[in-house]
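Residue-level structure breakdown
Listed here are the chains, written in short residue letters.
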Amino acid sequence: MLSRIAESLFWIGRYIERADDTARILDVQTQLVLEDPTSNESTTCRAVLSIMGAEPPPGDELDIARLIDLLAHDQSSPESIAACLQAARESASRARETLSEPLWVAINRTYLAIDSGAFRAMRRDRGLRWVRDQAALINGTADATMTRDEGWQFFVLGRTLERADMTARLLASAALSPGHAWTSTLRACGAHEAFLRARRGLETDREVVEFLLLDRLFPGAVAYAVTSAERCLSDLEATAHRSDVDGDARRILGRARSELEYRSVTDLLEDLPGAMDRFQRACAAATDAITRHFFAGSEALAWHGHRQ
């Protein structure tokens, strides 16, 4: 497979996952602010920008409307949903010959709603739900129409790396917030119902952190997502017959996963922000290693949103 195609498929997976996760976070956080009159709107908005690695705008006050504009509609803001969906469409156009017709149509129609202003014109809650629906449509179409070859492995590799990174960001943010906002964190990860069924409603620090970090059956958990990414890398290296089979990316991800799995939950809870910061750095290092190994010489795609 051409490195240009491989890189485009990898980033389509990441961009779509990031748009989906951003919509979930915005939906949960805006609901919390609107339903709780005692919450500090400006502080909450700045915390959300910090999770996304975005710089807050100048000035002291920041409200929900400005936050939605920055992280949902502003195409000049690289962390926004609109920018992610536009970038996914550009990546799809570079890999057009390898995409199925239904997958290309799903990505292109999603972008057209951004370009035409239809997304911006939607009501806040409807717009965020539309993003989640479109992400589910694109991922479902990919699942149903893509051959399980190298292209599929790159698509899933990008998606799972982004998912693990985003869950780590949310856990670090919850650990630093007053009262540990575990319910909103579970909802932002799309994990609330799954958690209640698996843990029978025991919403304690230990139970939530263990579920979102180490659960091997929930796809949004860090361990599940990293294991999926490692499996993709293993399959890619086996089919590519590259010289450094046990490449840097697999070593980095395996080490990061082991650090989480072989520490007690008590230790993780005591050092959760630090552990999540190290994990996010490992994800960034793994992305660099994947880029060096598989994408050398192809068009580089700028990626923003590294946690500040």
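Above this text sits the structure in question.
This write-up is about the structure you can find in this document. As the structure is a prediction and not an experimental result, all values here were calculated from the model.

How each quantity is defined
Residues numbered from 1 in each chain as written. Predicted model: local features only at pLDDT ≥ 70, side-chain atom pairs only at ≥ 80, totals over all residues. Heavy atoms only, no water. Helix = DSSP H or I, 4+ residues; strand = E, 2+ residues; numbered from the N terminus. Expected span 1.5 Å × (residues − 1). Buried < 20%, exposed > 50% of the residue type's maximum accessible area, 1.4 Å probe, protein only. Contact = heavy atoms within 4.5 Å. Axes fitted to C-alpha atoms, helices over the stretch in contact; angles between N-to-C directions. Parallel < 35°, antiparallel > 145°, perpendicular 65-115°, else oblique. Left-handed = near helix turned anticlockwise from the far one by under 90°. Nonpolar A, V, L, I, M, F, W, Y, C, P; charged D, E, K, R; others polar. Phe/Tyr/Trp six-rings, centres within 6.5 Å; stacked < 30°, edge-to-face > 60°. Lys NZ or Arg CZ within 6 Å of the ring centre and 35° of its normal.

Helix length check: helix α13 (residues 248-261), at 14 residues, gives a terminal C-alpha distance of 20 Å against a target of 20 Å (1.5 Å per residue), a fit within 8%. What α13 keeps buried is the set Ala249, Ile252, Leu253, Gly254, Ala256, Arg257, Leu260 and Glu261.

Looking now at the environment of Thr22. With respect to the secondary-structure elements, Thr22 resides in helix α1 (residues 3-35). Overall, the relative accessible area of 1% leaves Thr22 in the buried class. A sequence separation of 49 residues divides Thr22 from Leu71, and the C-alpha atoms of the two residues are 7.5 Å apart. If near-sequence neighbours (up to four positions away) are discounted, Thr22 is found in contact with Met52, Leu71, Glu79 and Ile81.

With that out of the way, let us pick up the packing of α1 against helix α2 (residues 41-51). Interhelical geometry of α1 versus α2 gives an angle of 165° and a closest axis separation of 10 Å. Here α1 is positioned roughly antiparallel relative to α2, judged by the angle of their axes. The handedness of the crossing between α1 and α2 comes out as right-handed. Residues Ile25, Leu26, Gln29 and Val33 of α1 form the contact with α2, whose participating residues are Glu41, Thr44, Val48 and Ile51. Looking at the contact of α1 with α2 residue by residue, the classes come out as five nonpolar, two polar and one charged.

Within the secondary structure, Gly127 sits in helix α7 (residues 124-145). Expressed as a C-alpha distance, the spacing of Gly127 and Ala23, which sit 104 residues apart in the sequence, is 8.7 Å. Apart from residues no more than four positions distant in its own chain, Gly127 is found in contact with Phe119 and Met122.

The subject of this paragraph is α1. For α1, built from 33 residues, the straight-helix expectation of 48 Å at 1.5 Å per residue is met to within 8% by its first-to-last C-alpha distance of 48 Å. Counting buried residues in α1 gives 26 out of 33 residues, a clear majority hidden from the surface.

Throughout the structure, instances matching the rule amount to nine aromatic pairs. Measuring from ring centre to ring centre gives 5.5 Å for Phe10 and Phe295, while their planes differ by 55°; the resulting arrangement is tilted. Here the residue Phe10 occupies a position in helix α1, and Phe295 occupies one in the segment after α15 (272-294), the gap between them amounting to 285 residues. For the pair Phe10 and Phe295, one class covers both residues: buried. Ring centres 5.8 Å apart and planes at 50° place the aromatic pair Phe154 and Phe295 in the tilted group. On the criterion of sequence distance, the pair formed by Phe154 in helix α8 (residues 150-176) and Phe295 in the segment after α15 is long-range, its members being 141 residues apart. Across the pair, exposure class does not vary: Phe154 and Phe295 are buried alike. Ring-pair connections join several aromatic residues into one group, and the members of that group are Phe10, Trp11, Tyr15, Phe154, Phe294 and Phe295. Looking at Arg148, its charged tip hangs above the ring of Trp152, at a distance of 3.8 Å from the centre.

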